[in-house]
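# Fold and geometry: a report
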Amino acid sequence: MFAFILRRLAQAVIVMISVAFIAFMLFQYVGDPVVFLLGQDATPEQIRELRADLGLDKPFFYQFAAFLGNAVQGEFGLSLRQGAKVSRLIAERFPATLELALVAAGLALLIGIPMGVYAALKRGTFLSQVFMTVSLLGVSLPTFLIGILLILVFAVNLGWFPSFGRGEVTAVGGWTTGLLTAKGWHHITLPAITLAIFQLTLIMRLVRAEMLEVLRTDYIKFARARGLTNRAVHFGHALKNTLVPVMTITGLQLGGLIAFAIITETVFQWPGMGLLFIQAVTFADIPVMAAYLCLIALIFVVINLIVDLLYFAVDPRLRVERSGGGH
């Protein structure tokens, strides 16, 4: 187990250094930060002085080492557009994005798993066919179109939900959350549903496929031969083994929800990191883009590591294979 963790940590460090290098290259090839900061009318002396202050006159690898050292401390300089520290901007926006992703993931799991189980156990029924059709629509329709349709129906025509913003938030220490207020839940409903639909359909189809595969295995036939009830076979044996790969996919999808909430946040003007990143791309705000890239990579690496450890703990076959390989 210790060797397994060490290998995963070594891989994580390599991935993060690679992503940091890509982020650093943004500063080299996507515009000149000195020009952004001083403007086109700056004198050559001013440009030389600022380049020296920023360390841009140093050799390439020295600059990368300095960038890496600052990135480890969570420092990416000042936003070229807002003039504020990038770390502060990210810290202000991250709670909104994480909150949206967690609510969307919760919805996807709470609805997707029961739908997948039903579609597997009740194949050929009308409701099962409806679920499969809905899942195709959920996978096929682009996120921005789903968001616009929800706004049109539930915000514009029916007036049940607001179409933009985060609503009323509460500060808990250094964290802000809208989940402690009724208005916060009111505002997060449509964006969370929009973000959850694709994940929900993916989980539903995965659970259905895995459930059908598990139900064909020998140990399920043996459980039936022992006289166990369908309920015990389906939920005590089959579902438990079905959820192992689902857990892996869901963990990775949480990283995807955080990273790819950009479209949803833009459609609903949700004040999260995705909207901040879109604004940074529009104004070529390289420090914000670099910080976003590194943070998203870190989130994926951490979630991947946690999922690997959980998978290793839950599935005894992996432990048996590794111990056998050691002998």
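What this report covers is the structure whose coordinates are included nearby.

So, about the overall build of the protein. The helix and strand inventory of the protein stands at 14 helices and two strands. Evaluated residue by residue, the protein yields a buried proportion of 39% over its 327 residues. Partitioning the intrachain contacts of the protein with sequence separation of at least 6 by distance along the chain shows that 72% fall at a separation of at least 24. Carbon and sulfur atoms provide 68% of the accessible area of the protein, an area that totals close to 17800 Å².

Helix-helix packing is characterised by the crossing angle of the two axes and by the distance between the axes. Two numbers describe how helix α5 (residues 86-121) lies on helix α6 (residues 126-140): the axes approach to 9 Å, and their chain directions differ by 130°. In this view, α5 runs oblique relative to α6, as classed from their interaxial angle. Relative to α6, α5 is oriented so that their crossing is left-handed. Between α5, through Met-115, Tyr-118 and Ala-119, and α6, the contact on the second element is made entirely by Leu-127, Ser-128, Phe-131 and Met-132. In terms of residue class, the contact of α5 with α6 is made up of six nonpolar, one polar and no charged.

This part covers the nonpolar core. Soluble globular proteins tend to bury their nonpolar side chains together. Core analysis: the biggest nonpolar cluster contains 46 residues, and Phe-67, Phe-76, Ile-258, Met-273 and Ile-296 have the highest contact counts within it. Mapped by element, the contributors of at least two residues to this core are α1 (2-29), α4 (60-72), α5, α8 (182-215), α10 (230-259), α12 (273-282) and α13 (286-314). Apart from residues lying up to four places away in sequence, Ile-296 is in contact with Ile-258, Ala-259 and Met-273.

Per the counting criterion, the structure on display carries three salt bridges. Arg-88 is paired through a salt bridge with Glu-92; the nearest N and O atoms lie 2.6 Å apart. With Arg-88 and Glu-92 both in helix α5 and four residues apart, this pair spans about one turn of that helix. The closest approach of N and O atoms between Glu-99 and Arg-166, which form a salt bridge, is 3.5 Å. Taken together, the residues Glu-99 in helix α5 and Arg-166 in the loop between α7 (143-157) and β1 (170-172) connect sequence positions 67 residues apart.

Residues other than glycine predominantly adopt negative phi, and peptide bonds predominantly adopt the trans conformation. Although it is not a glycine, Gln-269 adopts a positive phi angle of roughly 50°. Here Gln-269 is to be found in the loop between α11 (262-268) and α12. We classify Gln-269 as partly exposed; its relative accessible area is 41%.

Here the second largest pocket defines a volume of roughly 380 Å³. If you go around the second largest pocket, you meet 16 residues; those closest to its centre are Ala-71, Val-72, Phe-76, Cys-294 and Leu-298. Of all the elements in the fold, those that place two or more residues in the lining of the second largest pocket are α1, α4, α5 and α13. Considering only residue class, the lining of the second largest pocket consists of 14 nonpolar, two polar and no charged.

Before going further, it helps to spend a moment on empty space enclosed by the protein. Left-over empty space is what a probe sized like a water molecule reveals as it rolls over the atoms. Following the criterion strictly, the structure yields one cavity of 30 Å³ or more and no others. Every residue along the wall of the largest cavity is listed here: Ala-105, Gln-199, Ile-203, Thr-250, Gln-253, Leu-254 and Leu-257. Listed by contribution, the elements that provide at least two residues to the lining of the largest cavity are α8 and α10. When its residues are assigned to classes, the lining of the largest cavity shows four nonpolar, three polar and no charged.

So, on to α5. A rise of 1.5 Å per residue sets the reference length of α5, with its 36 residues, at 52 Å; its end C-alpha atoms lie 51 Å apart and thus fit the reference within 8%. Roughly 35° is the biggest bend found in α5, and it falls at Arg-93, with proline Pro-95 one to four residues downstream.

In this section: a nonpolar patch on the surface. On the surface, Leu-137, Leu-141, Phe-144, Leu-145, Ile-148, Leu-149, Leu-152, Val-153, Val-156, Leu-158, Trp-160 and Ile-263 cluster together to form a nonpolar patch covering roughly 1100 Å² of accessible area. For Leu-149, the location among the structural elements is in helix α7. Take Leu-149: its relative accessible area is 40%, and that puts it in the partly exposed class.

Turning next to the environment of Gly-77. Looking at the secondary structure, you find Gly-77 in the loop between α4 and α5. Judged by its relative accessible area of 38%, Gly-77 falls in the partly exposed class. For the pair Gly-77 and Val-288, spaced 211 residues apart in sequence, the C-alpha separation works out to 8.7 Å. The contact partners of Gly-77, leaving out residues within four places of it in the chain, are Ala-84, Lys-85 and Val-86.

This brings us to the side chain of Gln-199. Positionally, Gln-199 belongs in helix α8. Every residue in contact with Gln-199, bar those within four places of it in the chain, is listed here: Ala-108, Gln-253 and Leu-257.

The topology assignment puts Glu-265 in helix α11. Buried within the structure, Glu-265 lacks any salt-bridge partner; Arg-93 is the closest side chain of opposite charge, at an N-O distance of 6.3 Å. Within the structure, the side chain of Glu-265 is placed 2.9 Å from the backbone nitrogen of Leu-275, a separation counted as a polar contact. Beyond its immediate chain neighbours, meaning those up to four positions away, Glu-265 contacts Thr-97, Leu-100, Trp-270, Gly-272, Met-273, Gly-274 and Leu-275.

Here is what the cut-offs are and how they apply
- Residues numbered from 1 in each chain as written.
- Predicted model: local features only at pLDDT ≥ 70, side-chain atom pairs only at ≥ 80, totals over all residues.
- Heavy atoms only, no water.
- Helix = DSSP H or I, 4+ residues; strand = E, 2+ residues; numbered from the N terminus.
- Buried < 20%, exposed > 50% of the residue type's maximum accessible area, 1.4 Å probe, protein only.
- Contact = heavy atoms within 4.5 Å.
- Areas by Shrake-Rupley, 256 points an atom, 1.4 Å probe, with all protein chains shown as cover.
- Axes fitted to C-alpha atoms, helices over the stretch in contact; angles between N-to-C directions.
- Parallel < 35°, antiparallel > 145°, perpendicular 65-115°, else oblique.
- Left-handed = near helix turned anticlockwise from the far one by under 90°.
- Nonpolar A, V, L, I, M, F, W, Y, C, P; charged D, E, K, R; others polar.
- Core = buried A, V, L, I, M, F, W, Y, C linked by side-chain atoms within 4.5 Å.
- Salt bridge = Lys/Arg side-chain N within 4 Å of Asp/Glu carboxyl O.
- 1 Å grid on protein atoms, 1.4 Å probe; cavity = no way out; pocket = protein on both sides within 12 Å on 5 of 7 lines; lining within 4 Å.
- Points joined across faces, edges and corners; volume = space filled by probe spheres on them.
- Expected span 1.5 Å × (residues − 1).
- Bend = angle between axes of the 7 residues up to and from the residue.
- Patch = residues over 30% accessible without salt bridge, like charges linked within 9 Å, V, L, I, M, F, W, Y side chains within 5 Å.
- Lys, Arg positive; Asp, Glu negative; His and termini not counted.
- Polar contact = N/O pair within 3.5 Å; in protein donor to acceptor, adjacent residues only side chain to side chain.

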